[in-house]
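# Summary of the model geometry
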Amino acid sequence: MVSSPARYLVFFQYFGTKYSGVMETSNDQSMVGVQNYLEKAAQNLKPIVPIKFHISSRTDAGVHALCNSAHLDIQRAPGKPAFNEKQLISSLNYHLKPEPISILNAYRVTSSFHARFSALSRTYIYRLLMGCTHHSEIPVFERDLCWAPAGGYLNVPAMQDAAQFLLGTHDFSTFRSLNSETPFQSPVRTILQADIRPSSGFLSQHYEHRRLEFWELKFRSRSFLYRQVRRMVGALVAVGQGKLTPHHIKELLEIKDSRAFPPNAMAPPSGLFLKSVEY
C-alpha cells in the first residue's frame, strides 16, 4: 500500500543576482530560476514522485529574498517514514551547495495548505544609497544589494509625504508592468504599510567618513502586482529628486493607466528584497 504524501511549508532565502528570478525556467537558458535549484536538490531525497515547489511569491531576475516560502509534497517509498523538519532542512541545504540559496525553516502542514493562497501578507524592502555622485562610489560589498540614484541626496521628507498617498486600497494600474497575467488580475490592491526609514549598510561603520546614507523603503500588502514595488520606489525617488511632487503620486493613481508612468523611472531590481511572507 502506497503511503500518502507529506506536505511541508519551507521558508528559504537567496541572493538573486545570478538567477532569472525565483520561478522555474527551462534549463537551456543562460540564467535559470531559484526553483530549478530547489527541485534539483529535492530529487536527492529519492521521492517516488518528482517534487514540485509551489512558490508563494514571484520575484524577478536580480531581486533577492531574505525569506520567501513554498509548499511541497514528498512521497517516500513504502515503509519509509516522513522526513522530520530538521532532516528536511539539512538535506536540502546539503544538496543546494554551493548556490547562494538556503532553507531557513520547514513545517509539516495539512494537505489543504497552499503557500501562495494561504498567505496573509507579504513584506518587501527596498534599499537606497544616498551620497554617491557616481556608480563607482558604491562600496564593493553593497553592489547588487542597493540602488544609488543619480544626483547623490534625495528629499526624504517629500518622499515620505508622497508615500502616504500609496497607503490603503487603490487601483494600481499605473504602478504595474504589463505581463501575460495582466488581463486576468484585478489591479486593486491594499497597501498596509509604506515606510521610509534610515538603515544601516553592510560594514557601514568602515566608510562613515564618506557620508553615505542608507535608507529603507518598506511595503506590506496581501499581494502585489507585477513590478508594482519597483515602480512605486521609482516614483518616490523621482519625488526625492524633485522631478515629481508628492501630489503627482496621487495623480498617477487616479489616472489608472500603466502608460502614464514616467519613462525610465522604475527602480532597478538590485535593491529589492522580499523580506517575509506572513501566514
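Residues numbered from 1 in each chain as written. Predicted model: local features only at pLDDT ≥ 70, side-chain atom pairs only at ≥ 80, totals over all residues. Heavy atoms only, no water.

## What about the overall build of the chain?
Along its length, the chain carries five helices and nine strands. For the chain, the α and β elements follow one another from N to C terminus as β-α-β-β-α-β-β-α-β-β-β-α-α-β. What you see for the chain is a C-alpha radius of gyration of 20 Å, in line with the 19 Å of a compact globule of 279 residues. Based on the C-alpha atoms only, the size of the chain along its principal axes is roughly 70 × 45 × 35 Å. Expressed as a percentage of the 279 residues in the chain, the buried residues total 49%. Residue pairs in contact within the chain that sit at least 24 positions apart in sequence constitute 72% of those at least 6 positions apart. (Helix = DSSP H or I, 4+ residues; strand = E, 2+ residues; numbered from the N terminus. Rg over C-alpha atoms; globule rule 2.2 N^0.38 Å. Buried < 20%, exposed > 50% of the residue type's maximum accessible area, 1.4 Å probe, protein only. Contact = heavy atoms within 4.5 Å.)

## Comments concerning the side chain of Glu99
Along the chain, the position of Glu99 falls in the loop between helix 2 (85-96) and strand 4 (101-109). Only 2.5 Å separates the side chain of Glu99 from the side chain of Tyr19, close enough to count as a polar contact. Glu99 has contacts with Lys18, Tyr19 and Tyr37, leaving out every residue within four places of it along the chain. (Polar contact = N/O pair within 3.5 Å; in protein donor to acceptor, adjacent residues only side chain to side chain.)

## Topic: the domain arrangement of the chain
For the chain, the assigned domains are domain 1 (6-108) and domain 2 (121-278). Placing a centre on the C-alpha atoms of domain 1 and another on those of domain 2 gives a separation of 28 Å. Listed as interface residues are 17 residues of domain 1 and, on the opposing side, 17 residues of domain 2. Surface buried jointly by domain 1 and domain 2 totals about 1300 Å² across both partners, of which 55% is contributed by carbon and sulfur atoms. On inspection of domain 1 and its partner domain 2, the count reaches two salt bridges. When the shortest N-O distance is used, the salt bridge between Asp60 and Arg227 registers 3.0 Å. Run the count over domain 1 and domain 2 and you get 10 residue pairs in polar contact (both at pLDDT 80 or more). Per element, the largest residue contribution to the side of domain 1 that touches domain 2 is six residues, and it comes from strand 3 (residues 64-74). (Domains from an automatic or database assignment. Buried area = accessible area lost by both parts, 1.4 Å probe. Salt bridge = Lys/Arg side-chain N within 4 Å of Asp/Glu carboxyl O.)

## Side note on helix 2
Helix length check: helix 2, at 12 residues, gives a terminal C-alpha distance of 17 Å against a target of 16 Å (1.5 Å per residue), a fit within 8%. Those residues of helix 2 not exposed but buried are Leu88, Ile89, Leu92 and Leu96. Here the buried residues of helix 2 occupy an arc of 95° about the axis, which is enough to place them on one side. For helix 2, the exposed residues set more than 90 degrees away from the buried face come down to Lys86 and Tyr94. Its buried side turned inward, helix 2 meets strand 1 (6-14), helix 1 (34-42), strand 3 and strand 4. Structurally, the start of helix 2 carries an N-cap: the backbone nitrogen of Lys86 is 3.1 Å from a side-chain oxygen of Asn84. (Expected span 1.5 Å × (residues − 1). Arc of directions from axis to C-beta.)

## A word on the packing of aromatic side chains
A complete count under the given rule lists nine aromatic pairs for this structure. Taking the centre distance of 5.3 Å and the plane angle of 50° together, the rings of Phe113 and Tyr279 count as tilted. Of this pair, Phe113 sits in the loop between strand 4 and strand 5 (121-130) while Tyr279 sits in the segment after strand 9 (272-278), placing them 166 residues apart in sequence. You can call Tyr279 partly exposed: its relative accessible area is 32%. When the ring centre of Phe83 is taken as reference, the NZ or CZ atom of Arg76 above it lies at 3.9 Å. (Phe/Tyr/Trp six-rings, centres within 6.5 Å; stacked < 30°, edge-to-face > 60°. Lys NZ or Arg CZ within 6 Å of the ring centre and 35° of its normal.)

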